[in-house]
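Chain and residue survey
Each chain, written out:
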Amino acid sequence: MFIVTLIAADRLSAGDISSAQDKLRDAGCAPGEVTELEGGRAVDIAFAERADQARAALEGAFGRVDIVVQPAADRRKRLLVADMDSTMITVECIDELADYAGIKPQIAEVTERAMRGELDFAAALDARVALLKGLGADAIDRCLAERVQLMPGARALVRTMKAQGATTILVSGGFTRFAQPVGEQIGFDRVIANELLIEAAALTGMVTKPIVDSATKETVLLGAMAELSLDASATMAVGDGANDLAMIKQAGLGVAYHAKPIVAAAAGARIDHNDLTALLYAQGIPRGEWID
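Keep in mind it's a predicted model, so treat the numbers as computed, not measured.

As for the overall build of the protein chain
Along the protein chain, the regular secondary structure elements total twelve helices and twelve strands. C-alpha extents for the protein chain along the principal axes are approximately 65 × 40 × 30 Å. Taking all 292 residues of the protein chain together, 52% fall into the buried category. For the protein chain, the accessible area works out to roughly 11800 Å², and carbon and sulfur atoms hold 47% of it. Considering the protein chain, the positive charge centre built from 29 side chains and the negative charge centre built from 41 side chains are found 1 Å apart.

So, empty space enclosed by the protein
Take a probe with the size of a water molecule and roll it over the atoms, and the empty space left behind shows itself. Under the criterion given, the structure shown has one cavity of 30 Å³ or more. The space that makes up the largest cavity amounts to roughly 130 Å³. Asp85, Glu92, Phe121, Gly173 and Gly174 are the residues nearest the centre of the largest cavity, which is lined by 15 residues in total. Listing elements by their share of the lining of the largest cavity, those giving two or more residues are helix H3 (93-100), helix H4 (104-115), helix H5 (121-130) and strand S6 (167-175). Class assignment of the residues belonging to the lining of the largest cavity gives a composition of six nonpolar, five polar and four charged.

So, the pairing of strand S2 (residues 31-38)
Taken residue by residue, a regular strand's side chains alternate between the two faces of the sheet. Bridging between S2 and strand S3 (residues 42-47) involves five bridges; their strand directions are antiparallel. Bridging from a neighbouring strand, Thr35 pairs with Asp44 of S3.

What to know about the nonpolar core
For soluble globular proteins, nonpolar side chains are generally found buried alongside one another. Within the largest apolar cluster, 66 residues are counted, with the highest numbers of intra-cluster contacts made by Met88, Leu97, Leu132 and Phe178. Once you skip the residues sitting within four places of it in the chain, Leu97 turns out to touch Leu132, Leu135, Ala139, Ile140, Cys143, Phe178, Leu196 and Leu203. Ranked by size, the runner-up nonpolar core spans 19 residues in total, among them Leu79, Val171, Met247 and Ala267.

As for helix H8 (residues 176-186)
Taken together, the buried positions of H8 are Phe178, Ala179, Val182, Gly183 and Ile186. On an axial view of H8, the arc spanned by its buried residues comes to 120 degrees, and they lie on one face. Here the buried face of H8 lies against H3, helix H6 (138-146), helix H7 (154-163), S6 and strand S7 (190-194). Positive backbone phi, approximately 115 degrees, marks Gly187, located one or two places after H8.

Observations concerning the sheet that holds S3
Overall, antiparallel pairing links the four strands, which are arranged S2-S3-S1-S4 in an open sheet. The sheet terminates laterally at S2 and strand S4 (65-71), the two strands that pair on one side only. Ignoring strand direction, the axes of neighbouring strands in this sheet form an average angle of 20 degrees. Note that strand S1 (residues 2-8) and S3 share six bridges and pair antiparallel. Its bridge partner lying in S3, Ile7 is registered against Ala42. Lying on the sheet, helix H1 (residues 14-26) is in contact with S1, S2 and S3; it crosses S2 at an angle near 150 degrees. Along the sheet, helix H2 (residues 51-58) makes contact with S1, S3 and S4, crossing S4 at roughly 175 degrees.

Criteria and cut-off values
- Residues numbered from 1 in each chain as written.
- Predicted model: local features only at pLDDT ≥ 70, side-chain atom pairs only at ≥ 80, totals over all residues.
- Heavy atoms only, no water.
- Helix = DSSP H or I, 4+ residues; strand = E, 2+ residues; numbered from the N terminus.
- Buried < 20%, exposed > 50% of the residue type's maximum accessible area, 1.4 Å probe, protein only.
- Areas by Shrake-Rupley, 256 points an atom, 1.4 Å probe, with all protein chains shown as cover.
- Lys, Arg positive; Asp, Glu negative; His and termini not counted.
- Charge placed at Lys NZ, Arg CZ, Asp CG, Glu CD.
- 1 Å grid on protein atoms, 1.4 Å probe; cavity = no way out; pocket = protein on both sides within 12 Å on 5 of 7 lines; lining within 4 Å.
- Points joined across faces, edges and corners; volume = space filled by probe spheres on them.
- Nonpolar A, V, L, I, M, F, W, Y, C, P; charged D, E, K, R; others polar.
- Pairing = 2+ DSSP bridges.
- Core = buried A, V, L, I, M, F, W, Y, C linked by side-chain atoms within 4.5 Å.
- Contact = heavy atoms within 4.5 Å.
- Arc of directions from axis to C-beta.
- Axes fitted to C-alpha atoms, helices over the stretch in contact; angles between N-to-C directions.

Set out below in structure tokens:
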């Protein structure tokens, strides 16, 4: 048995739900019971077969509606591993930090290329951090206070999953000086990120090694699965950039969140229109069970 979850950024009408059932039926998916997760916003539709056909039949069929297709079993995940920049927060911290050094366009271009998978992540990070050499360390705290905002739904996602017994890990190719306070504010159990080296109250232009990269994120996910004795089906990974792909592919539900094309094309699920609370609906958790 499978479930398709329809999650509307605007409004989901009875006609939309009926149309989705028809499209599933036409695709040979044998649709069944409909379960409301929040009126006018999100529903589950059970179906019996052809999961690949279900996604193809429904994606893009409704305006501003995200579609998540998955097995009905093990939907409520016991492990969440999440990226930070442009996933749990609304910005790329290194780009915003670069603005304080007056070189944001130069660094942002490299960040964008790295997130699209066009550059080696570690080499690109080293190159960008080197350009920040000499920037006063106080710019980090200013950037954190002035630029870093939580992604809508981040707290509800993490706190609701933790309340239901899940372990949550924030693993970032960014920096601990941002990731630690962000992780604490959202409520993550663990935080893993790169450490900027600072001497005489200024950035040295280097980070500690090894760099937290795609392989690190995958290792964190697999290590937590082993530690918690979990099958992949009990896990969720979410991110937006190419350095998130490895963990996204390993997770039971790998989610591309407002992601670069290379990630959106490869992930098992995409959230293009909604905020992070879509990942609660995707687990079959109705609005009434959320912890805001």
